[in-house]
Amino acid sequence: VRDPRWGRTYESYSENPEIVAAMAGAMVEGLQGAPGTPGFLGPDKVIATAKHFIGDGGTGGKDQGDTVATEAELKNIHAAGYRPAIASGVETVMASFSSVNGVKMHGDKALLTGYLRGDLGFRGLVVGDWNGHGQVPGCSVGSCAASFNAGLDIFMAPDSWKPLFTATTAQVKSGEISMARLDEAVRRILRVK
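These numbers were taken from a predicted model, which means no experiment stands behind them. The residue numbers shown here count from 1 along each chain, following its written sequence. Where totals are concerned, whole chains, interfaces and linings use all residues; where local detail is concerned, this predicted model gives features only for residues with pLDDT of at least 70, and gives and counts side-chain atom pairs only at 80 or more. To obtain the side-chain values, all non-hydrogen atoms of the structure were included, while hydrogens and water were left out.

Student: Let's hear about the overall build of the protein: which residues, and what values?
Tutor: Along the protein, the regular secondary structure elements total 7 helices and 6 strands. Secondary structure follows DSSP: runs of H or I at least 4 residues long count as helices, runs of E at least 2 residues long count as strands, and numbering of each begins at the N terminus. Ordering the α and β elements of the protein from the N terminus gives α-β-β-α-α-β-β-β-α-β-α-α-α. As defined in this context, the radius of gyration uses C-alpha atoms, and a globule is described by 2.2 Å times the residue total to the power 0.38. For 193 residues, the compact-globule formula gives about 16 Å, and the C-alpha radius of gyration of the protein, at 17 Å, lands near that figure. Across its three principal directions, the C-alpha atoms of the protein cover 45 × 45 × 30 Å. A total of 193 residues make up the protein; the buried ones form 48% of that total. Residue contacts are counted whenever heavy atoms from the two residues lie within 4.5 Å of one another. Looking at the protein alone, contacts between residues at least 24 apart form 68% of all its contacts between residues at least 6 apart. Exposure is judged per residue with a 1.4 Å probe applied to protein chains only, and the accessible area is read against the type maximum: over 50% gives exposed, under 20% gives buried, and values in between give partly exposed.

Next comes the structure, spelled out in structure tokens:
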């Protein structure tokens, strides 16, 4: 969080990236266990979710705002908690409702796939936030190939899942969503399960 006027500041450990980085990996290990140990994801553990990727609460104290930041600011400030969370084996990352430099995160392939999966090396699944896909230009809560193609593996569609299921099925059949992309999302979900 970068502005105390934001009503969801309690969701962040601090505005100080060093504190966030120090807490994120430890929190993931507390929930999931330490990777490579016998207790990792054991019966007394739960799967952790790092959220809300990326820039949530970053500008102006507005919920679902637009974080205007340079690449260096995104990496050094807003991604500070994600590197240690990923290193600690976090299984899921939730996309933010917010935008970064004018692009809705639920449709930002450069950040969801390029940066999160490529640069940061995240191998788990990416889940959307409550109908956040419906805020992507050209989408609705009942149809959003753009979010899926950007890197969302699971839509959080609590009240729109039926039309979303129908639309997504049609988009796969038409090739708007490739079968390879669908298989990739399914593999990630099944691995985590």
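Student: Give a description of the packing of aromatic side chains that names residues and reports values.
Tutor: A pair of Phe, Tyr and Trp rings is counted when the ring centres sit within 6.5 Å of each other, with Trp represented by its six-membered ring. The angle between the planes then sorts it: under 30 degrees is stacked, over 60 is edge-to-face, the rest tilted. Here the structure, examined in full by the defined rule, presents 3 aromatic pairs. Ring centres 5.0 Å apart and planes at 90° place the aromatic pair F53 and Y82 in the edge-to-face group. Of this pair, F53 sits in strand β1 (residues 49–53) while Y82 sits in helix α3 (residues 82–87), and the two are 29 residues apart along the sequence. Given the relative accessible area of 0%, F53 is considered buried. Taken together, a centroid distance of 6.5 Å and an interplanar angle of 25° make the contact between F53 and Y115 stacked. On the criterion of sequence distance, the pair formed by F53 in strand β1 and Y115 in helix α4 (residues 109–119) is long-range, its members being 62 residues apart. Joined through ring pairs, the aromatic side chains of F53, Y82 and Y115 make up one cluster.

Student: Give a detailed account of a nonpolar patch on the surface, specifying residues and quantitative values.
Tutor: There is a patch of nonpolar side chains on the surface, built from Y13, I19, M23, M27, L31 and V46 and spanning about 510 Å² of accessible area. One can find M27 in helix α1 (residues 17–32). With relative accessibility at 42%, the residue M27 sits in the partly exposed group. Patch membership needs two things, relative accessible area over 30% and no salt bridge, and members are linked within 9 Å if like-charged or within 5 Å if nonpolar (Val, Leu, Ile, Met, Phe, Trp, Tyr). What sets the accessible areas is the Shrake-Rupley method with a 1.4 Å probe; for residues, cover comes only from the shown protein chains. A pair is scored as a salt bridge if a Lys or Arg side-chain nitrogen falls within 4 Å of a carboxyl oxygen belonging to Asp or Glu.

Student: Any details on helix α6 (residues 161–174)? Residues and values, ideally.
Tutor: Helices are assigned an expected span. That span is 1.5 Å times one less than the residue count. Spanning 14 residues, α6 covers 20 Å between terminal C-alpha atoms, matching the ideal 20 Å at 1.5 Å per step. The positive-phi residue at the C-terminal boundary of α6 is G175, with phi of around 90°.

Student: Which residues make up the pattern of salt bridges, and what values do they have?
Tutor: Once the charged atoms of two side chains with opposite charge are near each other, the side chains can pair. On inspection of all chains with the given rule, the structure shows 8 salt bridges. One salt-bridge network, held together by shared partners, links R117, D153, R181, E184 and R188.

Student: I'd like to hear about α4, residue by residue, with values.
Tutor: By the burial criterion, the buried members of α4 are L111, L112, Y115, L116 and R117. Between the side-chain oxygen at the start of α4 and the backbone nitrogen of A110 there is a gap of 3.2 Å, and the oxygen is on D108. Two residues or fewer after α4 comes G121, characterised by a positive phi angle close to 75°. Each polar contact in these results corresponds to two N or O atoms within 3.5 Å; when the atoms are within protein, one needs to be able to donate a hydrogen and the other to accept it, and residues that are neighboring in sequence are counted only if both atoms are side-chain atoms.

Student: Give a detailed account of the sheet that holds strand β2 (residues 66–67), specifying residues and quantitative values.
Tutor: Sheet strands pair via backbone hydrogen bonds, and the direction of the pair is either parallel or antiparallel. On the basis of which strands lie adjacent, the open sheet formed by 3 strands has the order β2-β4-β5 and mixed pairing. On the outer flanks of this sheet lie β2 and β5 (103–104), each paired with one strand and no other. Only when DSSP finds a minimum of two bridges between them are two strands counted as paired. In the sheet, β2 pairs with strand β4 (residues 99–100) via 2 bridges, with the strands oriented parallel. Bridged to D66 within β4 is S99.

Student: I'd love a proper account of the sheet that holds strand β3 (residues 92–95), names of residues and values included.
Tutor: Within the open sheet, the 3 strands sit side by side as β1-β3-β6. Their pairing is parallel. Of all the strands in the sheet, the pair left with one neighbour each is β1 and β6 (125–127). The sheet shows a mean angle of 25° between the axes of neighbouring strands, taken without regard to direction. Pairing geometry for β3 and β6, over 3 bridges, is parallel. Pairing of T92 across the sheet is with L125, part of β6. Every axis in this analysis is a line fitted to C-alpha atoms, fitted for helices over the stretch in contact. Angles between the N-to-C directions lie between 0 and 180 degrees.

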